[in-house]
Amino acid sequence: MYRKGKVFLLMLLAVVLVGCNTKVEFRTDDAFVAAKKVFESNAKSTNNTVGDISFYKPPTMRVDKESTSQTIVLTKKSDSFYLTINPNEKKNSRVYYDELLSDEPEQLIGSQTFTKDDAFGFVVVIQKSENIVELIAGVGGAKIATVTDEKNITPYLEKMMEIARSVQQDNK
């Protein structure tokens, strides 16, 4: 009886460990679904302005003092997010996406594009090292990127798409 209990506990532990060690590809799939949902819903109302750029800033992030209207730096805990704005591009621009994939990142885990109305959006996940990924989300002339732990893929890409989707530029 004691031996069977040990075997059962070992099997249970193995199942739990496999479940906790979700592969990055599965996390990416969930993140892409979440980002698409955000992209296809109405943009969040803007609540922050830097220069002539208005955007939604999640309450858990803060804007760095050194931010400009072309590069806005947001921080959450120890992670930095770089929101880059090209004022010459409209919501349907593919420039950032095409430029990013023209170099074909060596460790590309995946990318997905979205279109709705007259807007083009995308998300990209690139493996940087073991357990570390670069996340990029963009809508038209707005692109936001960060480097973080794999466990942050879904919540971060969701927030990043909310931010990119909300960006408002004068006359764009």
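Residues numbered from 1 in each chain as written. Predicted model: local features only at pLDDT ≥ 70, side-chain atom pairs only at ≥ 80, totals over all residues. Heavy atoms only, no water.

F55, L83, I144, L157 and M161 are the most contacted members of the largest nonpolar core, which totals 32 residues. Elements represented by at least two residues in this core include exactly α2 (24–40), β2 (53–55), β4 (71–76), β5 (79–85), β7 (119–129), β8 (132–139), β9 (142–149) and α4 (153–166). Top contributing element to this core by residue count: α4, with seven residues. Ignoring any residue separated from it by four or fewer positions in sequence, one finds L83 in contact with F55, Q70, T71, I72, A142, K143, I144, I163 and V167. Within the second largest apolar cluster, nine residues are counted, among which are Y96, I126, I136 and A145. (Core = buried A, V, L, I, M, F, W, Y, C linked by side-chain atoms within 4.5 Å. Buried < 20%, exposed > 50% of the residue type's maximum accessible area, 1.4 Å probe, protein only. Helix = DSSP H or I, 4+ residues; strand = E, 2+ residues; numbered from the N terminus. Contact = heavy atoms within 4.5 Å.)

Bringing the pairing of strand β6 (residues 108–116) into the picture now. In this sheet, β7 lies alongside β6 in antiparallel orientation, the contact comprising eight bridges. Paired with Q112 across the strands is V123, a residue of β7. Following β6, the chain reverses through two residues before pairing antiparallel with β7; D117 in that reversal takes a positive phi of roughly 50°. (Pairing = 2+ DSSP bridges.)

For the protein, the average pLDDT comes to 86, and 83% of its residues sit at 70 or higher. A low-confidence stretch, residues 7–22 (pLDDT under 50), is modelled with two contacts involving residues beyond four sequence positions or located in other chains. (pLDDT = per-residue confidence, 0-100.)

Looking now at the sheet that holds β8. Spatially, the seven strands line up as an open sheet ordered β3-β4-β5-β9-β8-β7-β6, and their pairing is antiparallel. At either margin of the open sheet sits one strand with a lone partner, and together these are β3 (62–63) and β6. In the packing of helix α3 (residues 95–102) onto the sheet, contacts are made with β5, β6, β7, β8 and β9, and the angle to β7 comes to roughly 30°. Together, β4, β5, β6, β7, β8 and β9 form the strand contacts of α4, whose direction differs from that of β8 by roughly 25°. (Axes fitted to C-alpha atoms, helices over the stretch in contact; angles between N-to-C directions.)

Residues of α3 that are buried: Y96, Y97 and L100. The buried residues of α3 occupy an angular sector of 95° when the element is viewed end-on, so they sit on one face. As for α3, its buried residues are in contact with β5, β6, β7, β8 and β9. Immediately downstream of α3, the backbone of E104 shows phi near 45°, a positive value. (Arc of directions from axis to C-beta.)

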